[in-house]
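# Notes for the structure review
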Amino acid sequence: MVHDGRVVEVLVIEDEVRLARAVAEGLTSHGFTVTLCHNGHSGYQQAKERHPDVIVLDLMLPDLSGAEVCARLRQEGVWTPILVLTARDGVSDETDVLNLGADDYLRKPFSYPVLVARCRALLRRAAAGDPAEISVDDLVLDPRRRTLRRAETPIELTRREFALLEYLMRNRGRPRTKQEILDHVWGVGYARDANVVEVYIGYLRRKVDAPFGTSTVQTVRGQGYVLKGP
Ligand code: CA
């Protein structure tokens, strides 16, 4: 894959050799150049030496954990986009890695088209300069620090509420269906009743709209939900 006139290199850090090879094949078939590492230490070294465009990082590694690799890179000012692979029930792990500075995560098992799409999305964000803050009107969300405020008032959200709001903010003005929201915020293949989306939209409204007398989070009949742009 060529992006901005350059070949795009993905560094895959995954100790399960068969999975790592399959991931590499999936990415290579979409034109990415892939470097494989099977442990945390070499992955960390390669991340610093090769300057890949995207890092696909497994959490469970035998020596240096994925969380540790991520934290060390960020502490050293390496801001290469990182997509973390997590086990099915690793809910607390996911919160941890996002707090450590990973950009996105994908729960196993995942499909290759989704992996490729997530890598491309990270490349686009990086190319756009990945603005530290996203704002819609006076609502300001900082994906790196995981903070949110309306005007000058800080708002506390749970991890899921935050992910949901971030998704809607990144798509401001464009209605998203319940299924799209479910796939993006809860993860593809995560079998949940789509009504959970409705429940979380309610939670969001109670926190970001009701106290401020606003109605930013809107229902689009027959379509889904949208964040009203300025
Ligand atoms: Ca592993």
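Up top is the structure these notes are about.
Keep in mind it's a predicted model, so treat the numbers as computed, not measured. (Residues numbered from 1 in each chain as written. Predicted model: local features only at pLDDT ≥ 70, side-chain atom pairs only at ≥ 80, totals over all residues. Heavy atoms only, no water.)

Looking at the element boundaries, Arg176 is found in the loop between α6 (159-170) and α7 (178-186). Apart from the residues within four sequence positions on either side, Arg176 is in contact with Tyr167, Asn171, Ile181, Gln223, Gly224 and Tyr225. (Helix = DSSP H or I, 4+ residues; strand = E, 2+ residues; numbered from the N terminus. Contact = heavy atoms within 4.5 Å.)

Next up on the list: the coordination of the calcium ion. For the calcium ion, the full set of protein donor atoms is Asp15 (OD), Glu16 (OE), Asp58 (OD) and Met60 (O), at a range of 2.1 to 3.2 Å. Read N to C, the donor residues that coordinate the calcium ion are spaced as D-E-x41-D-x1-M. Of the two residues, Asp15 sits in the loop between β3 (9-13) and α1 (17-28) while Met60 sits in the loop between β5 (54-58) and α3 (66-75), which places them 45 residues apart along the sequence. On the basis of relative accessibility, which here comes to 62%, the residue Met60 falls in the exposed class. (Donors = N, O, S within 2.8 Å, 3.2 Å for Na, K, Ca; no water. Buried < 20%, exposed > 50% of the residue type's maximum accessible area, 1.4 Å probe, protein only.)

In this structure, Leu165, Ile181 and Val208 are the most contacted members of the largest nonpolar core, which totals 26 residues. Elements supplying a minimum of two residues to this core: β8 (134-136), β9 (139-142), α6, α7, α8 (195-209) and β13 (224-227). Once you skip the residues sitting within four places of it in the chain, Val208 turns out to touch Leu139, Leu148, Arg150, Ile155, Leu157, Leu165, Thr214 and Val217. Counting residues in each nonpolar core, the second largest holds 20 residues, with Leu57, Val69, Leu98 and Tyr105 among its members. (Core = buried A, V, L, I, M, F, W, Y, C linked by side-chain atoms within 4.5 Å.)

Before going further, it helps to examine the sheet that holds β9. Read from one edge to the other, the open sheet built from 4 strands follows the order β8-β9-β10-β11, with strand pairing classed as antiparallel. A strand with exactly one partner marks an edge of an open sheet, and here the two such strands are β8 and β11 (153-154). The sheet contact formed by strand β10 (residues 147-150) and β11 spans 2 bridges and is antiparallel. Among the inter-strand pairings, Arg149 is bridged to a residue of β11, identified as Pro154. Against the sheet, α6 makes contact with β8, β9 and β10, and its axis sits at roughly 115° relative to β9, the strand it touches most. (Pairing = 2+ DSSP bridges. Axes fitted to C-alpha atoms, helices over the stretch in contact; angles between N-to-C directions.)

Let's shift gears to the packing of aromatic side chains. Under the definition given, this model contains 2 aromatic pairs. Centre to centre, the rings of Phe110 and Tyr112 are 6.1 Å apart; their planes meet at 90°, and the pair counts as edge-to-face. Among the residues examined, Phe110 registers a relative accessible area of 16% and is labelled buried. Residue Tyr112 is classed as partly exposed on the basis of its relative accessible area, which comes to 28%. Centroid distance Tyr200 to Tyr203: 4.9 Å. Interplanar angle 75°. Geometry classified as edge-to-face. Of this pair, Tyr200 and Tyr203 both sit in helix α8, 3 residues apart, which is roughly one turn of the helix. Classification of Tyr203 as partly exposed rests on a relative accessible area of 31%. (Phe/Tyr/Trp six-rings, centres within 6.5 Å; stacked < 30°, edge-to-face > 60°.)

Note that every value here comes from positions in space, so none of it alone points to a role or purpose.
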